[in-house]
Amino acid sequence: MADRREDLRAADVDRQFVAERLKAALDEGRLSLGEYDDRLKETYAARTYGDLDGILKDLPGFHPTGGSQLEPKAPMADDRDERGDAERSNPKWLVGIWSAWLVAVSVNVVIWALVSLSAGSPVYFWPMWVAGPWGAVLLASTFSVKVLGKDPPESQRRYRDS
């Protein structure tokens, strides 16, 4: 059995990964068409990870793990990414619909306040008809996500989690 990563035999999926990375480098203008063709031939002729690493060594974004002196951290069951928890607790689409509600209600309240000031006395508080029904729908949506854990189907989302 080979002790070093460079000596281990590569699989077809490894060669396919390198071919895709070479295609991306060609599309980015990092490789000429002739150089891409030569490297692609080398990729499909490669036998070991060391051969494949040599093909990508001068391209940015590729760093073979074999040469690293840092050992990758094994994920633990109780490890949590703080950003991941925040995204799970407040999906982007939910933040988006509440933000839209807040902007719309704020604009309506400002218009109502300006009309009331110009009239000299408070007028009927009509913004409640914008804030109330829309807010009730948003509360129901928030309740279904937070308490029941039900996200709407992907086809019904306007604000996607990406």
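For the structure itself, consult the block above.
Below is a short write-up of the structure.

Overview of the overall build of the protein
Thinking step 1. Each helix and strand counted, the protein has 6 helices and 0 strands in total.
Thinking step 2. What you see in the protein, going N to C, is helices and strands ordered as α-α-α-α-α-α.
Thinking step 3. A total of 162 residues make up the protein; the buried ones form 23% of that total.
Thinking step 4. Long-range contacts, defined as pairs at least 24 residues apart, comprise 65% of the intrachain contacts of the protein with a sequence gap of at least 6.
Thinking step 5. Looking at the protein as shown, the accessible area adds up to about 12000 Å², and 59% of this sits on carbon and sulfur atoms.

Some points on helix H3 (residues 49-56)
Thinking step 1. When H3 is considered as a whole, its buried residues turn out to be Leu52, Asp53, Ile55 and Leu56. Down the axis of H3, the buried set is contained in an arc of 155°. They therefore lie on one face.
Thinking step 2. The elements touched by buried residues of H3 are helix H1 (12-28) and helix H2 (33-45).

So, the pattern of salt bridges
One side chain can pair with another of opposite charge once the charged atoms of both are near each other.
Thinking step 1. What the rule picks out here adds up to 9 salt bridges.
Thinking step 2. In this structure, the salt-bridge partner of Glu35 is Arg39, at a minimum N-O distance of 3.0 Å. Note that Glu35 and Arg39 are positioned in helix H2 at a spacing of 4 residues, about one turn of the helix.
Thinking step 3. Since its relative accessible area comes to 31%, Glu35 is described here as partly exposed.
Thinking step 4. Assessed through its relative accessible area of 9%, Arg39 is described here as buried.
Thinking step 5. Across the salt bridge formed by Lys41 and Asp37, the nearest N and O atoms sit 3.5 Å from each other. Note that Lys41 and Asp37 are positioned in helix H2 at a spacing of 4 residues, about one turn of the helix.
Thinking step 6. Judged by relative accessible area, which is 37%, Asp37 ranks as partly exposed.
Thinking step 7. Connected through shared salt-bridge partners, Arg4, Glu6 and Asp7 make up one network.

Considerations on the environment of Ala25
Thinking step 1. By the element assignment, Ala25 lies in helix H1.
Thinking step 2. Of the residues examined, Ala25 reaches a relative accessible area of 0% and is grouped as buried.
Thinking step 3. C-alpha of Ala25 to C-alpha of Pro60: the two residues are 35 residues apart in sequence and 9.0 Å apart in space.
Thinking step 4. When sequence neighbours within four positions are dropped, the list of residues in contact with Ala25 reads Arg30, Leu31 and Leu59.

Reading the values: the criteria
- Residues numbered from 1 in each chain as written.
- Predicted model: local features only at pLDDT ≥ 70, side-chain atom pairs only at ≥ 80, totals over all residues.
- Heavy atoms only, no water.
- Helix = DSSP H or I, 4+ residues; strand = E, 2+ residues; numbered from the N terminus.
- Buried < 20%, exposed > 50% of the residue type's maximum accessible area, 1.4 Å probe, protein only.
- Contact = heavy atoms within 4.5 Å.
- Areas by Shrake-Rupley, 256 points an atom, 1.4 Å probe, with all protein chains shown as cover.
- Arc of directions from axis to C-beta.
- Salt bridge = Lys/Arg side-chain N within 4 Å of Asp/Glu carboxyl O.

Honestly, it's all geometry; don't read function into it.
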